[in-house]
Amino acid sequence: VAFKTCRDVRTAIYRNLHTLSLGWYIQHKSGDITKHVVDAKMRLEPGLADTIYGFVTALILAVGGIILLTLSRLLTFLALASLPVAHYIMARIGREAAPRSLKRPIAKRG
């Protein structure tokens, strides 16, 4: 969906550039036009992909939570009660891994 939207935006920009007058192109450098189009595409594509991915993930989690709640309140409680423990464990692992990754030497480009 995100890539189709980006393609549609690129097509609209391309069509719009073809409708501009010759005087507009004389005032603006072609490198600047290309830079702006590419820059807009590079910012738009990941943003749309991340937004759509986050929305679908949240929707699946919400539907799964509702299904779990209707199946068993005890299982729902156990799943929610395990979240703080899982968060503590992941945070501790992250804190221990961060200093080690900072101590690694950066590879030189040659």
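What counts, and where the lines are drawn
Residues numbered from 1 in each chain as written. Predicted model: local features only at pLDDT ≥ 70, side-chain atom pairs only at ≥ 80, totals over all residues. Heavy atoms only, no water. Helix = DSSP H or I, 4+ residues; strand = E, 2+ residues; numbered from the N terminus. Buried < 20%, exposed > 50% of the residue type's maximum accessible area, 1.4 Å probe, protein only. Areas by Shrake-Rupley, 256 points an atom, 1.4 Å probe, with all protein chains shown as cover. Salt bridge = Lys/Arg side-chain N within 4 Å of Asp/Glu carboxyl O. Patch = residues over 30% accessible without salt bridge, like charges linked within 9 Å, V, L, I, M, F, W, Y side chains within 5 Å. pLDDT = per-residue confidence, 0-100. Axes fitted to C-alpha atoms, helices over the stretch in contact; angles between N-to-C directions. Parallel < 35°, antiparallel > 145°, perpendicular 65-115°, else oblique. Left-handed = near helix turned anticlockwise from the far one by under 90°. Contact = heavy atoms within 4.5 Å. Nonpolar A, V, L, I, M, F, W, Y, C, P; charged D, E, K, R; others polar.

Caption draft 1: Region of interest: the overall build of the protein chain. A tally of helices and strands in the protein chain yields four helices and zero strands. Listed by position from the N terminus, the elements making up the protein chain come as α-α-α-α. For the protein chain, the residues scored as buried account for 5% of the 110 residues in total. With an accessible surface of roughly 9800 Å², the protein chain has 69% of that area assigned to carbon and sulfur atoms.

Caption draft 2: Up close: the pattern of salt bridges. Inspection of the entire model under this criterion finds three salt bridges. Among the ionic pairs, Lys 4 bridges to Asp 8, the shortest N-O distance being 3.3 Å. With Lys 4 and Asp 8 both in helix H1 (residues 2-19), this residue pair falls four residues apart, about one helical turn. Under the relative-accessibility criterion, Asp 8 is labelled partly exposed at 36%.

Caption draft 3: Structural detail: a nonpolar patch on the surface. There is a patch of nonpolar side chains on the surface, built from Phe 55, Val 56, Leu 59, Ile 60, Val 63, Ile 67 and Leu 71 and spanning about 710 Å² of accessible area. Inspection of the secondary structure puts Val 63 in helix H3 (residues 30-71).

Caption draft 4: The arrangement of the confidence of the model for the protein chain in detail. The share of residues in the protein chain with pLDDT of 70 or more is 87%, and the mean pLDDT across the chain is 79. The least confident element of the protein chain, judged by mean pLDDT, is helix H4 (residues 73-103) at 80; the most confident is H1 at 82.

Caption draft 5: Quick look at the packing of H1 against H3. Running from amino to carboxyl end, H1 crosses H3 at an angle of 155 degrees, the nearest separation of the two axes being 9 Å. In this view, H1 runs roughly antiparallel relative to H3, as classed from their interaxial angle. H3 is crossed by H1, and the crossing has right-handed handedness. Contact residues: H1 offers Ala 2, Phe 3, Thr 5, Cys 6, Val 9, Arg 10, Ile 13 and Leu 17, while H3 offers Ile 33, Val 37, Lys 41, Leu 44, Glu 45, Leu 48, Ala 49 and Ile 52. Looking at side-chain class alone, the contact of H1 with H3 contains twelve nonpolar, one polar and three charged residues.

Caption draft 6: Focus on the environment of Asp 50. With respect to the helices, strands and loops of the structure, Asp 50 is situated in helix H3. Residue class for Asp 50 comes out exposed when judged on its relative accessible area of 56%. Separated by 48 residues in the primary sequence, Asp 50 and Ala 2 place their C-alpha atoms 8.8 Å from one another.

Caption draft 7: Main features of the side chain of Thr 76. Examined against the element boundaries, Thr 76 turns out to sit in helix H4. Ignoring any residue separated from it by four or fewer positions in sequence, one finds Thr 76 in contact with Leu 68 and Leu 69.

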